[in-house]
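Commentary on secondary and tertiary structure
Listed here are the chains, written in short residue letters.
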Amino acid sequence: MYGRRENRDHQVFLEIRDMMMNFNKNPKKLLSHFTRFLLILTLLSLLLFLFLSPSFIPFSRFAPLKSIIYDRTTPPRRSAPPPPSELTRSRIAVCLVGGARRFELTGPSIVGKILKVYPNSDLFLHSPIDSDSFKFSLLKIAPRIASVRIFKPDPIPETESQLRVLTAQNSPRGIQGLLQYFNLVEGCLTMIKSYQQQNNFTYNWIVRTRVDGYWAAPLSPDYFIPGHYVVPPGSSYGGLNDRLGVGDLNTSLVALSRLSLIPQLDSAGFQRLNSEMAFKAQLTTNGVPYVTQRTPFCVVTDRRYDYPPSRYGVPVAAMSSRGPLSGAKCRPCNPVCYGGCVGQVMARLDREWSWTDWAEGSLELCDAHAEWENGWENRFDRVAGKKLAAARKRVRALRLDKCVADFEVMRRRTAVWDAPPPVEICVFGLGSK
């Protein structure tokens with residue numbers, strides 16, 4: 001290597017010497033060569049500076065330029081996941097955010113497929129109170145509960161930078177809805193930081209998922225990649241799928257700072273971003289490499305969507321799909337489209353928008369233009385199995401006194417409880433029955 005460098009230096013010296021000897025013969029030509037030489041040298045120096053600078057520079061003025069270089073699905077020099085034995089000993093925070101909605105269907109799957117798979121995982125629940133919050137009493141079976149915050153949401157003041165960076169388009173509740181969602185995510189990060197400080201330790205990993213996510217299979221150790229943030233493919237809406245994220249502490253600090261990084265995005269010139277676009281921008285502008293990997297969960301939805309979906313429409317998967325569904329919208333239904341039909345429907349969708357991976361027959365589609373069809377309970381029970389079917393039936397038959405007793409058990413097992421009294425939560429959803 002050093003011999004090649006000496007040869008290059010010698011060649012440059014000879015070129016400069018020849019130019020100087022010919023100066024008297026043709027000074028204008030020499031000036032042209034010399035100007036070109038300086039321009040090439042300047043460009044090479046700039047490229048050398050960018051490639052030798054660290055790949056993670058928070059709030060760096062060069063971060064937007066570097067994101068162009070490192071903005072790829074599988075960045076170079078990707079570290080291997082830790083061995084399963086090491087991962088089971090790691091401290092993992094599981095951040096669960098969102099409204100309870102269909103938690104009687106999703107909650108037990110989160111406990112069984114994430115919390116019980118990793119014995120050192122601690123649950124952090126951050127949710128606005130509503131008439132479904134009583135369903136969180138199911139979490140009394142969670143192995144370890146670090147912190148619970150169930151709160152009454154207040155409007156979040158909208159700043160000028162937020163109005164520039166974000167767009168209300170395709171958001172059911174406009175920019176305010178985005179801010180409330182970002183507040184849920186970053187609020188969970190705040191809970192994790194506080195718990196670490198109180199107990200004088202730090203987590204190795206943070207798993208951020210949604211309350212309305214149904215998990216068909218366990219979260220694999222392959223999703224824990226040091227120095228990278230792992231998200232599902234598809235449902236990217238011009239950015240990155242933000243329905244699940246797994247990362248070490250450093251990458252998670254950036255990924256979960258959904259509100260506080262908006263001024264940085266504003267300074268970088270980003271405008272009119274939806275949630276997924278803003279999520280990708282905050283990773284790339286801070287030099288956080290991301291990886292997409294298929295994941296065995298879907299987001300259970302009551303919303304209605306046109307069928308068949310148009311180019312920018314939303315496909316709704318049947319929960320009976322073989323999967324993995326990687327966070328696609330889903331419901332328990334009798335599939336109306338499977339096999340070759342799925343390929344025809346998905347071919348019409350924009351791949352950078354609502355497209356979902358359907359390879360190897362992994363996806364079946366519902367006609368979701370109307371309410372859930374009659375008999376959905378039996379379809380769910382067949383797909384989910386006896387344990388989750390029993391949990392669904394238990395919530396449907398739940399009475400006030402049993403709800404309060406279950407919440408009291410849960411509260412006694414929780415290190416930090418920031419929520420209304422259990423009786424208030426239960427009455428809100430069940431009345432006085």
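Residues numbered from 1 in each chain as written. Predicted model: local features only at pLDDT ≥ 70, side-chain atom pairs only at ≥ 80, totals over all residues. Heavy atoms only, no water.

Helices and strands together make up the secondary structure of the protein, namely 15 helices and 12 strands. Considering only intrachain contacts with a sequence separation of at least 6, the fraction spanning at least 24 residues in the protein is 77%. (Helix = DSSP H or I, 4+ residues; strand = E, 2+ residues; numbered from the N terminus. Contact = heavy atoms within 4.5 Å.)

Attention now goes to the confidence of the model for the protein. Residue-level pLDDT values for the protein average 86, and 82% of them are 70 or greater. In this model residues 1-17 is a low-confidence stretch, pLDDT under 50, and it forms one contact with partners more than four residues away in sequence or in other chains. Below a pLDDT of 50 lies the segment residues 27-31, which in the model reaches two contacts outside its immediate sequence neighbourhood of four places, other chains included. (pLDDT = per-residue confidence, 0-100.)

Here we take up the sheet that holds strand β11 (residues 329-331). The four strands are arranged β5-β9-β11-β10 in an open sheet whose pairing can be described as mixed. Each having just a single partner strand, β5 (213-215) and β10 (317-318) make up the two edges of the open sheet. As paired strands, β10 and β11 are joined by two bridges and run parallel to one another. When the sheet's bridge partners are listed, A318 is paired in β11 with R331. Contacts from helix α5 (residues 103-115) reach β5 and β9 (297-300) within the one sheet, and its direction differs from that of β5 by about 50 degrees. (Pairing = 2+ DSSP bridges. Axes fitted to C-alpha atoms, helices over the stretch in contact; angles between N-to-C directions.)

Here we come to the nonpolar core. The biggest cluster of nonpolar side chains holds 49 residues, and the ones touching the most others in it are F103, L125, F136 and F224. Counting 42 residues, the second-largest nonpolar core is a separate cluster that includes F182, Y229, I262 and A278. (Core = buried A, V, L, I, M, F, W, Y, C linked by side-chain atoms within 4.5 Å. Buried < 20%, exposed > 50% of the residue type's maximum accessible area, 1.4 Å probe, protein only.)

Joining two cysteines, a disulfide is a covalent bond between their sulfur atoms. Counting across every chain of the model gives five disulfides. Between C298 and C330 runs a disulfide, and the two sulfur atoms are separated by 2.2 Å. The sign of the 70 degrees torsion about the S-S bond sets the C298-C330 disulfide as right-handed. You can see C298 sitting in strand β9 and its partner C330 sitting in strand β11, a full 32 residues away along the chain. Between C403 and C426 runs a disulfide, and the two sulfur atoms are separated by 2.0 Å. Between C403 and C426, the disulfide has an S-S torsion of -85 degrees and is therefore left-handed. (Disulfide = S-S within 2.5 Å.)

Here we take up the environment of D406. Along the polypeptide, D406 turns up in helix α14 (residues 400-412). For D406, a relative accessible area of 7% puts it in the buried group. Separated by 270 residues in the primary sequence, D406 and F136 have C-alpha atoms spaced 9.3 Å apart. Not counting the four nearest positions on each side in its chain, D406 is found in contact with S137, K140 and L398. Here the side chain of D406 touches K140 through a polar contact of 2.9 Å, side chain to side chain. (Polar contact = N/O pair within 3.5 Å; in protein donor to acceptor, adjacent residues only side chain to side chain.)

The next thing to look at is helix α11 (residues 340-347). Turn by turn, an α-helix covers 3.6 residues, leaving residues three or four places apart pointing in a common direction. Within α11, the full set of buried residues consists of V342, G343, V345 and M346. All buried residues of α11 fall inside an arc of 165 degrees around its axis, so they share one side. Exposed side of α11, more than 90 degrees from the buried face: G340, Q344 and A347 are the residues found there. (Arc of directions from axis to C-beta.)

This part is about the side chain of K135. Along the chain, K135 turns up in the loop between β2 (121-128) and β3 (145-151). There is a polar contact of 2.5 Å between the side chain of K135 and the backbone oxygen of R101. One polar contact links K135 to E104, side chain to side chain, over a distance of 3.0 Å. Apart from the residues within four sequence positions on either side, K135 is in contact with R101, R102, F103, E104 and V395.

The next subject is the packing of α5 against helix α13 (residues 386-396). Between α5 and α13, the shortest axis-to-axis distance is 9 Å and the interhelical angle comes to 135 degrees. Put simply, α5 runs oblique to α13. As α5 runs across α13, the sense of the crossing is right-handed. Counting all contacts with α5, which are made through E104, L105, P108 and S109, the residues of α13 involved are L388, A391, R392 and V395. Residues of the contact of α5 with α13, tallied by class, amount to five nonpolar, one polar and two charged. (Parallel < 35°, antiparallel > 145°, perpendicular 65-115°, else oblique. Left-handed = near helix turned anticlockwise from the far one by under 90°. Nonpolar A, V, L, I, M, F, W, Y, C, P; charged D, E, K, R; others polar.)

A few words on the packing of aromatic side chains. Under the defined criterion, the tally for this structure stands at 15 aromatic pairs. On the basis of an interplanar angle of 75 degrees and a centroid distance of 6.1 Å, the ring pair of Y229 and F279 is categorised as edge-to-face. Taken together, the positions of Y229 in strand β6 (residues 229-231) and F279 in helix α10 (residues 275-284) put the pair 50 residues apart, joining distant regions of the chain. Joined through ring pairs, the aromatic side chains of F124, Y195, F201 and Y203 make up one cluster. (Phe/Tyr/Trp six-rings, centres within 6.5 Å; stacked < 30°, edge-to-face > 60°.)

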